[in-house]
Amino acid sequence: QLVESGGGLVQVGGSLRLTCAASGRTFSSYAMGWIRQAPGKEREFLGGTIKSGSSTYYPDSVKGRFTISRDNSKDTAYLQINNLTPEDTAVYLCAADQSIHNLVVVNPEFWGQGTQVTVSS
């Protein structure tokens, strides 16, 4: 089970840290990632981290503003988002898969329910 938290209403230019708490399986056996779903748009891969957390991957569209990390001792993954814009308004979902490739192509084995992020101008 994956449970996200930390979303909310934030002003343009602000920052948020989203948290994904995992349970039920061996957290360190899975690559973790974040994906978002904006109204009327396809789901978008935001980044992922391999099982150990020693490497992370981001699409060019978010490099420099989004940072993914994980703490395997706490079975938790994080997404730090800086300099938020209204275009970042979306539901943010945590995802897990044994292959980071499946996160990149937005086809993970496990999904969280998502947390809403709304950026106001």
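Residues numbered from 1 in each chain as written. Predicted model: local features only at pLDDT ≥ 70, side-chain atom pairs only at ≥ 80, totals over all residues. Heavy atoms only, no water.

Points about the nonpolar core
A general tendency of soluble globular proteins is for nonpolar side chains to be buried together.
(1) Moving on: With 25 residues, the main nonpolar core has Met-32, Trp-34, Leu-79 and Tyr-92 as its most contacted residues.
(2) Moving on: Elements with a minimum of two residues in this core: β3 (16-22), β4 (31-37), β7 (66-71), β8 (76-81), β9 (90-97) and β11 (115-120).
(3) Moving on: With residues near it in sequence (within four places) discarded, Tyr-92 still touches Glu-4, Leu-18, Trp-34, Ile-35, Arg-36, Leu-46, Phe-66, Leu-79, Ile-81, Gly-114, Thr-115 and Val-117.
(4) Moving on: Counting residues in each nonpolar core, the second largest holds 6 residues, with Ile-35, Ala-95, Ile-100 and Leu-103 among its members. (Core = buried A, V, L, I, M, F, W, Y, C linked by side-chain atoms within 4.5 Å. Buried < 20%, exposed > 50% of the residue type's maximum accessible area, 1.4 Å probe, protein only. Helix = DSSP H or I, 4+ residues; strand = E, 2+ residues; numbered from the N terminus. Contact = heavy atoms within 4.5 Å.)

Remarks on the state of the cysteines
(1) Moving on: Taken as a whole and assessed by the stated rule, the structure comprises 1 disulfide.
(2) Moving on: Between the sulfur atoms of Cys-20 and its disulfide mate Cys-94 the distance is 2.0 Å. The S-S bond linking Cys-20 to Cys-94 shows a torsion near -75°; that makes this disulfide left-handed. On the criterion of sequence distance, the pair formed by Cys-20 in strand β3 and Cys-94 in strand β9 is long-range, its members being 74 residues apart. Residue Cys-20 shares its accessibility class with Cys-94, and that shared class is buried. (Disulfide = S-S within 2.5 Å.)

Quick notes on the pairing of β4
(1) Moving on: Within β4, 6 of the 7 residues are buried, which leaves the element mostly enclosed by the surrounding structure.
(2) Moving on: Pairing of β4 with β9 involves 7 bridges; the strand directions are antiparallel. Within the sheet, the bridge partner assigned to Gln-37 lies in β9 and is Val-91.
(3) Moving on: With 5 bridges joining them, β4 and strand β5 (residues 44-49) adopt antiparallel strand pairing. Looking at β5, one finds that Gly-33 is bridged to Gly-48. (Pairing = 2+ DSSP bridges.)

What about the environment of Ser-121?
(1) Moving on: Here Ser-121 lies in the segment after β11.
(2) Moving on: Here the alpha-carbon distance between Ser-121 and Leu-84, two residues 37 residues apart in the chain, equals 9.9 Å.
(3) Moving on: Ignoring sequence-local partners within four residues, the contact set of Ser-121 consists of Val-12 and Pro-86.

A few points about the pattern of salt bridges
(1) Moving on: All chains considered together, the criterion is met by 4 salt bridges.
(2) Moving on: A salt bridge links Glu-44 to Arg-36, with the nearest nitrogen and oxygen atoms 2.8 Å apart.
(3) Moving on: Judged by its relative accessible area of 26%, Glu-44 is partly exposed.
(4) Moving on: Note that Arg-36 and Asp-88 form a salt bridge whose closest N and O atoms lie 2.9 Å from each other. (Salt bridge = Lys/Arg side-chain N within 4 Å of Asp/Glu carboxyl O.)

A short note on the environment of Pro-59
(1) Moving on: By the secondary structure assignment, Pro-59 is in the loop between β6 (56-57) and β7.
(2) Moving on: In contact with Pro-59, other than residues within four places in its own chain, are Phe-45, Leu-46 and Gly-47.

A short note on the pairing of β7
Within a regular beta strand, the side chains point alternately toward one face of the sheet and then the other, so they alternate between its two faces.
(1) Moving on: Only one face of β7 is covered, namely the one carrying Phe-66, Ile-68 and Arg-70; the face carrying Thr-67, Ser-69 and Asp-71 has none of its residues buried.
(2) Moving on: What sits between β7 and β8 in their antiparallel hairpin is a turn of 4 residues, with Asp-75 showing a positive phi close to 55°.

Focus: the side chain of Arg-36
(1) Moving on: Mapped onto the secondary structure, Arg-36 falls in strand β4.
(2) Moving on: Side chain to side chain, Arg-36 and Glu-44 meet in a polar contact 2.8 Å long.
(3) Moving on: A distance of 2.9 Å separates the side chain of Arg-36 from the side chain of Asp-88, its partner in a polar contact.
(4) Moving on: Other than its neighbours up to four places away in sequence, Arg-36 contacts Glu-42, Arg-43, Glu-44, Leu-46, Phe-66, Glu-87, Asp-88, Ala-90, Val-91 and Tyr-92. (Polar contact = N/O pair within 3.5 Å; in protein donor to acceptor, adjacent residues only side chain to side chain.)

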